[in-house]
Amino acid sequence: MANNDAPKRNDRTKRDIKRALLELLASKPLDSITMSELAREAQVSRSTLYQHYNNTYDAYEDIVRGFHDDVSPIMSEAACFDGIEPPGTRPFCDLIRDEEHRAIVGMPGFLDTYMQHMDTAGNNEFISALASAGYRHEICEALSVFQMNGCFNAAKKYGHDEALWREVREAIDTFICGGLSACQNKRHHQLLGAAARKRGMRSLSD
């Protein structure tokens with residue numbers, strides 16, 4: 001019975017630790033929060049805390065991973081496909097506007113940590129769509145960074161006004177879809193052109 005309860009107890013402890021870290025982040029930066037302070041805030045022993053996390057940044061990354069799991073796929077967000085957002089998920093640009101996420105989103109390096117997790121999870125649909133069009137990884141990654149930074153900063157600057165934000169988000173979604181489509185079409189024509197030139201050179205050599 002005790003073994004069956006252990007996973008639930010561990011999950012509950014981790015939730016308490018992450019909640020405590022978010023409360024501390026509301027008043028001070030991550031690099032000034034000690035493990036002892038986090039243990040006190042979470043009301044757990046230091047040994048229990050170290051069973052789950054090596055340091056405070058480790059706990060922060062776990063919070064970012066949880067945030068990522070709540071984000072709907074970008075291709076569904078922008079309506080590039082007729083996809084339906086998975087239950088319980090919301091668009092990235094909407095989640096970062098929430099009051100409850102202000103502490104984590106306001107952390108320096110949040111977006112870098114978030115995007116690293118996207119790469120690790122291997123579910124960056126934007127990169128996959130560009131890669132399928134023939135772009136090498138560095139180009140796909142650069143365009144993904146451009147897109148994510150744009151959405152992130154636009155949501156922070158214009159997200160306070162709900163009516164305005166709806167218009168801004170619609171324009172951003174249109175821009176993303178249009179840009180992606182243009183990249184895919186241009187690459188397709190480049191590949192067709194290269195194939196045609198190759199065929200032409202073969203004809204001249206015959």
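Everything numeric in this text was worked out from a predicted model, so none of it was measured.

Draft legend 1. Geometry of the nonpolar core. Of all hydrophobic cores here, the largest spans 50 residues; its most connected members are L21, Y60, F67, F92, F110 and Y114. Element by element, the count of residues in this core is highest for helix α10 (residues 137–158), at 6 residues. Not counting residues within four places of it along the chain, the set of residues in contact with F67 comprises F92, L95, I96, H101, I104, V105, F110 and Y114.

Draft legend 2. Region of interest: the packing of helix α9 (residues 125–132) against α10. Running from N to C, α9 and α10 cross one another at 140 degrees; their axes reach a closest spacing of 9 Å. The chirality of how α9 crosses α10 is right-handed. Contact residues: F126, I127, L130 and A131 in α9; C140, E141, L143, S144 and Q147 in α10. Its residues assigned to classes, the contact of α9 with α10 comprises 6 nonpolar, 2 polar and 1 charged.

Draft legend 3. Inspection of the packing of aromatic side chains at higher detail. Applying the stated criterion across every chain, the model contains 8 aromatic pairs. Connected via pairs of aromatic rings, a cluster forms that spans F67, F92, F110, Y114 and F152.

Draft legend 4. Molecular detail of the environment of D173. Following the sequence through the fold, D173 ends up in helix α11 (residues 162–205). The exposure class of D173 is buried, given its relative accessible area of 16%. Considered as a pair, D173 and C151 are 22 residues apart in the sequence and their alpha carbons are 9.4 Å apart.

Draft legend 5. Spatial organisation of helix α4 (residues 56–69). Between its terminal C-alpha atoms α4 stretches 20 Å, which fits the 20 Å expected from 14 residues at 1.5 Å a residue. Of all the residues in α4, the buried ones are T56, D58, A59, Y60, D62, I63, V64, F67 and H68.

Draft legend 6. Main features of helix α2 (residues 35–42). Listed as buried for α2 are M35, E37, L38, A39 and A42. Following α2 by one or two positions, Q43 has its phi on the positive side, about 60 degrees.

Conventions we followed
- Residues numbered from 1 in each chain as written.
- Predicted model: local features only at pLDDT ≥ 70, side-chain atom pairs only at ≥ 80, totals over all residues.
- Heavy atoms only, no water.
- Core = buried A, V, L, I, M, F, W, Y, C linked by side-chain atoms within 4.5 Å.
- Buried < 20%, exposed > 50% of the residue type's maximum accessible area, 1.4 Å probe, protein only.
- Helix = DSSP H or I, 4+ residues; strand = E, 2+ residues; numbered from the N terminus.
- Contact = heavy atoms within 4.5 Å.
- Axes fitted to C-alpha atoms, helices over the stretch in contact; angles between N-to-C directions.
- Left-handed = near helix turned anticlockwise from the far one by under 90°.
- Nonpolar A, V, L, I, M, F, W, Y, C, P; charged D, E, K, R; others polar.
- Phe/Tyr/Trp six-rings, centres within 6.5 Å; stacked < 30°, edge-to-face > 60°.
- Expected span 1.5 Å × (residues − 1).

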